[in-house]
Amino acid sequence: MNNRKLYTIDTISEFHKISGLPKPQHPLISLVDYSLVEYQIEESEISWVQDLYFMGFKRDIQGKFHYGQSQYDFDEGLMSFIGPRQVVRLHISKSEKKPSGYLFAFHPDFIWNTSLATTINSYKFFGYDVNEALFLSEKEEETIIGLFKAIEKEYQSGIDQFTQNIIISQIEVILNYCERFYQRQFITRKKTNHQILEKLEIILEDFLKDDVIDKGLPTANYIAKQLNISTNYLGSLLKSVTGLTTQQHIHEKLIEKAKEKLSTTELSVSEIAFQLGFEHSQSFSKLFKNKTNLSPVAFRNSFI
C-alpha cells in the first residue's frame, strides 16, 4: 500500500516554508528564483495539492515531476501550468547541475472580483499534463522572464490601490503570450500532430466496430486516455490544427459511419443508431439531420 504523505499547500507562505524560502513579500503572489528552492522534507518523493495557481519556467530540476498520469524531466527550458486543487508529485534526485528558472504563484483570492477571475478557466493549459508543457524559444523565454520580473518589481515597490490592477494586467499579458506560444508549438510540431490525428482515426474506427455491444458513444475523455494525453491538450491541439473540437471530430466520424451503413446495408435507423452507441434512435436522427440537413431516411432514399 502507498503510504506516501500528501502535503497541502493552501497559502503562499506555506509554499515558501516547504521550499526553504524566506517569508513572501506579498501574501497572495510570489515570484520564486528556482535556484534558491530547497525542499524542507526528508522523503525522496513528495506529493502535494495546492490551492494556488503555478506558472513555472524551469531548467535542470533535480528530479522528475509527475502531474496527472505523466512525468517529465526538466532538462530543457520549458513552462508548465498547474491550477488549484491538482495533485503534483516530485521525485527528488541530486544532480551536479544547478536548477534554474522561475516559479510564479498566485492565490485565487488575488484575482477574485477581477476580469481575470472570469476568464482564467478559458486558458486550458492549466489542465494540461506535465509532458504537454510549453517549449520556449530564447526570445519567448526573454519575454516571459521580463514579464515575471515586472510583476516582482511592482509588488516589491510598495502595495497601493493600483498594485492589484497592474499585476492582474501583467498576468493576463503572460497568459495571452503563452496561448500564442502554444499555438506556435501546435503548428511547428506537425509530425507529432499528424501522428495523433492518425491514431485518433484508428481509435474511433475500432470503437465503432459492429461487434462492440453496449459501448455507448465515444467520449473526449476516452480518446484522450487512449492517446495518453490530457483531454484539454487534445481539444486545444485539434482546434488549432483542424478547427474542430474533439466532440465535433467524434460527430463527424459518427455521421461518416452512419452514411456508410445507411447506403450499404438494410439495417433500420434504430439498429444503426444502437450500433453506433446511441441509447435513443431519436438522438441519432437529430444529430444526423443537424449535420446533413437530411433525416436518415431521406438520406437513404436519395440512393434509390
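Everything numeric here is computed off the predicted structure, so don't read it as measured data. (Residues numbered from 1 in each chain as written. Predicted model: local features only at pLDDT ≥ 70, side-chain atom pairs only at ≥ 80, totals over all residues. Heavy atoms only, no water.)

This part covers the pattern of salt bridges. Overall, the coordinates contain nine salt bridges when judged by the stated rule. Arg184 is the partner of Glu140 in a salt bridge, and the nearest nitrogen-oxygen pair spans 2.7 Å. Placement of Glu140 in helix H4 (residues 138–156) and of Arg184 in helix H5 (residues 163–188) is noted, with a sequence separation of 44 residues between them. The exposure class assigned to Arg184 is partly exposed, which follows from its relative accessible area of 26%. Across the salt bridge formed by Glu201 and Lys253, the nearest N and O atoms sit 2.5 Å from each other. On the criterion of sequence distance, the pair formed by Glu201 in helix H6 (residues 190–207) and Lys253 in helix H9 (residues 246–264) is long-range, its members being 52 residues apart. Here Lys253 falls in the buried class, since its relative accessible area comes to 3%. (Salt bridge = Lys/Arg side-chain N within 4 Å of Asp/Glu carboxyl O. Helix = DSSP H or I, 4+ residues; strand = E, 2+ residues; numbered from the N terminus. Buried < 20%, exposed > 50% of the residue type's maximum accessible area, 1.4 Å probe, protein only.)

Attention shifts here to the side chain of Thr114. Looking at where Thr114 falls in the secondary structure, it is placed in the loop between helix H2 (108–111) and helix H3 (115–119). Accessibility expressed as a relative area gives 14% for Thr114, which makes it buried. Ignoring sequence-local partners within four residues, the contact set of Thr114 consists of Gln164 and Ile168. (Contact = heavy atoms within 4.5 Å.)

Quick look at the confidence of the model for the protein chain now. Across the protein chain, the average pLDDT comes to 85, with 87% of residues at or above 70. Taken element by element, the predicted model of the protein chain shows its lowest mean pLDDT in strand E6 (residues 70–73) (43) and its highest in H2 (96). Here residues 65–76 is a poorly scored stretch, pLDDT under 50, and it has 53 contacts once near neighbours within four places are set aside; other chains count. (pLDDT = per-residue confidence, 0-100.)

So, on to the packing of H6 against helix H8 (residues 231–242). At a minimum axis distance of 11 Å, the contact between H6 and H8 shows a crossing angle of 105°. Comparing the axis directions of H6 and H8 gives the class roughly perpendicular. In this structure, H6 contributes Asn193, Ile196, Leu197 and Leu200 to the contact, and H8 contributes Leu234, Leu237, Leu238, Val241 and Thr242. Grouping the constituent residues of the contact of H6 with H8 by class yields seven nonpolar, two polar and no charged. (Axes fitted to C-alpha atoms, helices over the stretch in contact; angles between N-to-C directions. Parallel < 35°, antiparallel > 145°, perpendicular 65-115°, else oblique. Nonpolar A, V, L, I, M, F, W, Y, C, P; charged D, E, K, R; others polar.)

For the rest of this paragraph, the subject is the nonpolar core. Where a protein is soluble and globular, its nonpolar side chains tend to be buried together. Formed by 62 residues in total, the largest nonpolar core has its most connected members in Met55, Met79, Phe148 and Ile171. Among the elements that make up this core, the one with the highest residue count is H5 (nine residues). Apart from residues no more than four positions distant in its own chain, Phe148 is found in contact with Leu31, Met55, Phe57, Met79, Tyr102, Phe104 and Ile174. Counting residues in each nonpolar core, the second largest holds 19 residues, with Ile12, Val32, Tyr34 and Trp48 among its members. (Core = buried A, V, L, I, M, F, W, Y, C linked by side-chain atoms within 4.5 Å.)

With that out of the way, let us pick up the pairing of strand E2 (residues 29–33). Burial within E2 is extensive, with four of its five residues counted as buried. Here E2 runs beside strand E9 (residues 100–106); their pairing, made up of five bridges, is antiparallel. The partner of Val32 across the bridge, within E9, is Leu103. (Pairing = 2+ DSSP bridges.)

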